[in-house]
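Structural overview for review
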Amino acid sequence: MSSGVGEMDTRNLILMGEGNEMDRYFLYCYERQLHNLHHVSKASGKEFTETYFLFNMAGYNPKAHACLACIPSWIKLVQIYERHYPQLDRNIIAVNSNILLGF
């Protein structure tokens, strides 16, 4: 699965009061990833249990994506991911990322 992180203005969504909708969208992405994994397993006759998650960080801007108002939402998403989707992703890869991000 892939995600274009730089394409979404999370700060604006949260400041407009649409943070819950954004959270639901990301949860939908997790569920879609599980559905696709099940579909590929069924179609190929092999059992797949892990995926790769690719984040395209092109356009990532800390002011728009890591502002103080955004951090609680990101923390909540990581906690939900760890609690409900453990070991789903074999690797999480960030491409076009700034070296300062620590990826």
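Just so it is clear, the model here is predicted, and its values are computed rather than measured.

1. A few points about the pattern of salt bridges
On inspection of all chains with the given rule, the structure shows two salt bridges. Here Glu 21 ties to Arg 24 by a salt bridge, and the two come within 3.7 Å at their closest N and O atoms. Here the residue Glu 21 and the residue Arg 24 both occupy positions in helix H2 (residues 19-44), the gap between them amounting to three residues, near one helical turn. Among the ionic pairs, Asp 23 bridges to Lys 76, the shortest N-O distance being 2.8 Å. Here Asp 23 is found in helix H2, whereas its partner Lys 76 is found in helix H4 (residues 71-84), with 53 residues between them in sequence. The class for Asp 23 is buried, based on a relative accessible area of 7%. Overall, the relative accessible area of 34% leaves Lys 76 in the partly exposed class.

2. Overview of H4
Side chains that are three or four residues apart share a direction in an α-helix, a result of its 3.6 residues per turn. End to end, H4 covers 20 Å across 14 residues, agreeing with the expected 20 Å (1.5 Å per residue, within 8%). Those residues of H4 lying buried are Ser 73, Leu 77, Ile 80 and Tyr 81. For H4, the angular spread of buried residues about the axis comes to 100°, placing them on one side. Away from its buried face, by an angle of more than 90 degrees, H4 presents the exposed residues Pro 72, Glu 82 and Arg 83. Against the buried residues of H4 lie helix H1 (10-15), H2 and strand S3 (89-95).

Reading the values: rules and limits
- Residues numbered from 1 in each chain as written.
- Predicted model: local features only at pLDDT ≥ 70, side-chain atom pairs only at ≥ 80, totals over all residues.
- Heavy atoms only, no water.
- Salt bridge = Lys/Arg side-chain N within 4 Å of Asp/Glu carboxyl O.
- Helix = DSSP H or I, 4+ residues; strand = E, 2+ residues; numbered from the N terminus.
- Buried < 20%, exposed > 50% of the residue type's maximum accessible area, 1.4 Å probe, protein only.
- Expected span 1.5 Å × (residues − 1).
- Arc of directions from axis to C-beta.
- Contact = heavy atoms within 4.5 Å.

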